[in-house]
Amino acid sequence: MKGKVISIASVSCRVDTADGIYECAARRRLTESDTGQTKPFAVGDEVILEPTGPREGVVTEVLPRRTRLSRAQPHDRRAEHVVVANVDQLLIVCSVREPPLTVGIIDRYIIAAQSGGIEPVVCINKIDLAPEPVELVLRSEPQPRKVAYEDIAALYSALGFRVRPVSARTGAGVEELKADLIGRTTVLAGHSGVGKSSLINAIQPGLKLKTGTVTRRGRHITANVSLLKLQFGAYVVDTPGVREFSLWDIKKRDVAEFFPDIWDLAPNCKMSDCSHVHEPDCAVKRALERGELSRIRYDSYVGILESVGHWSVPRETDVERPREQIARSKRNLSRSTRKQQLKERWRAQLGEDQ
Ligand code: GDP
Ligand code: ZN
């Protein structure tokens with residue numbers, strides 16, 4: 001019997017089938033096999049199950065994933081934790097204030113979404129708290145920088161990302177957001193307290209998701225990830241708020257590819273594999289000094305660069321890169337369109353026909 005995983009407890013899950021909802025355990029083979037993943041299945045997975053009793057069963061197979069949102073396990077960076085599978089878009093929720101907006105988490109989620117074949121959407125909530133500015137903490141500036149949320153929105157729109165400024169409280173922008181969700185499966189993610197549950201409630205009043213007040217250290221509102229079906233033909237997945245989001249399977253040399261503005265400048269750097277941090281004659285740093293590249297973008301890039309693993313291959317083997325990327329794209333079921341374009345660009349540059 002086929003079904004879709006709608007929620008997960010420690011080693012069991014709930015599966016929605018044509019015959020109703022089944023509580024399922026995983027067949028031993030699944031948990032024991034070395035998948036390199038922390039759990040045998042994720043919310044959103046299409047699975048095959050064998051019923052073992054009324055409304056009970058065993059998952060025997062997880063079908064190939066169309067998309068995935070993965071992060072690294074905090075205590076084992078090499079282990080992949082699939083947060084959710086088979087979603088179409090990731091709504092990256094942040095707020096104008098309370099908690100403060102940080103672009104680092106937006107950019108991390110953009111990388112995770114695009115690596116997993118998911119479209120990222122930047123959702124800035126609590127716009128009712130403007131005209132109070134966003135106080136952005138930048139790694140290279142001692143004082144928070146005061147910025148209008150519209151400037152943050154413009155920054156990401158200019159890079160080609162969809163941006164939705166909203167207020168769950170006043171309802172501003174909520175209709176537009178709802179239109180984005182129709183006919184698709186969307187996962188919401190962001191820091192605790194940014195208003196993910198409030199937004200789902202604003203989109204479909206009556207769903208009565210628990211919302212909480214923000215404490216200084218942030219707190220978890222929903223303990224588990226679960227898939228919800230909304231009345232107007234949309235599925236949403238709410239994830240527990242996170243304080244940190246560690247990228248999985250991203251190497252230092254991959255990071256710039258997800259920063260379109262930095263990536264476009266890179267061909268003018270003197271070093272062919274410039275990291276844009278300490279190399280001489282760097283076009284990215286030049287653009288930064290001239291004010292052609294936003295400090296907000298550069299700081300976020302450096303922050304992420306410092307947090308991920310090593311360069312994947314030494315400089316001399318640059319030529320190996322396309323092959324390495326191809327190998328990786330086979331391993332991960334789906335890569336972002338941008339990655340695809342990049343591969344083609346690399347191939348064209350190197351005159352390879354494969
Ligand atoms: P979650 O942890 O991301 O699910 O956040 P919640 O939905 O629980 O919201 C956290 C707090 O922010 C609650 O006190 C909400 O009332 C408040 N909140 C949510 N959306 C808005 C908004 O648009 N404007 C304002 N001013 N507060 C909001
Ligand atoms: Zn450079």
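An account of the accompanying structure is given in this report. (Residues numbered from 1 in each chain as written. Chains lettered and ligands numbered in written order. Predicted model: local features only at pLDDT ≥ 70, side-chain atom pairs only at ≥ 80, totals over all residues. Heavy atoms only, no water.)

Let us now look at the coordination of the zinc ion (ligand 2). For the zinc ion (ligand 2), the full set of protein donor atoms is Cys 269 (SG), Cys 274 (SG), His 276 (ND1) and Cys 282 (SG), at a range of 2.1 to 2.3 Å. Taken together, the four donor atoms surrounding the zinc ion (ligand 2) define angles of 102 to 117° at the centre, an arrangement classified as tetrahedral. Coordination of the zinc ion (ligand 2) draws on donor residues from a single chain, spaced C-x4-C-x1-H-x5-C in sequence. Look at Cys 269 and you get buried, because its relative accessible area is 8%. (Donors = N, O, S within 2.8 Å, 3.2 Å for Na, K, Ca; no water. Tetrahedral: all angles 85-135°; square planar, octahedral: opposite > 155°, others 65-115°. Buried < 20%, exposed > 50% of the residue type's maximum accessible area, 1.4 Å probe, protein only.)

Once that is clear, we can look at the pattern of salt bridges. A complete count under the given rule lists 20 salt bridges for this structure. For Lys 4, the salt bridge identified is with Glu 46, shortest N-O distance 3.4 Å. Linking Lys 4 in strand S1 (residues 2-8) with Glu 46 in strand S4 (residues 46-53), this pair joins segments that are 42 residues apart in sequence. Assessed through its relative accessible area of 26%, Glu 46 is described here as partly exposed. Linked through salt bridges whose partners overlap, the residues forming this network are Glu 119, Arg 162, Arg 164, Asp 180 and Arg 184. (Salt bridge = Lys/Arg side-chain N within 4 Å of Asp/Glu carboxyl O. Helix = DSSP H or I, 4+ residues; strand = E, 2+ residues; numbered from the N terminus.)

Quick look at the packing of aromatic side chains now. The description of an aromatic ring pair rests on the distance of the ring centres and on the angle between the ring planes. In this structure the tally under the stated criterion is four aromatic pairs. Arranged with centres 6.3 Å apart and planes meeting at 55°, the rings of Tyr 156 and Phe 161 form a pair that is tilted. On the accessibility criterion, Tyr 156 (1% relative accessible area) is buried. You can call Phe 161 buried: its relative accessible area is 11%. Both rings, one in Phe 259 and one in Tyr 301, keep their centres 5.6 Å apart while their planes meet at 80°; by these two values the pair is edge-to-face. Of this pair, Phe 259 sits in the loop between helix H6 (252-255) and helix H7 (260-265) while Tyr 301 is found in helix H9 (residues 295-307), placing the two residues 42 residues apart along the sequence. Like Phe 259, the residue Tyr 301 is buried in the burial classification. Here the aromatic cluster, defined as three or more aromatic residues joined through ring pairs, consists of Phe 259, Tyr 298 and Tyr 301. Over the ring of Phe 232 we find Lys 178; its NZ or CZ atom is 4.9 Å from the centre of that ring. (Phe/Tyr/Trp six-rings, centres within 6.5 Å; stacked < 30°, edge-to-face > 60°. Lys NZ or Arg CZ within 6 Å of the ring centre and 35° of its normal.)

Geometry only, nothing functional implied.
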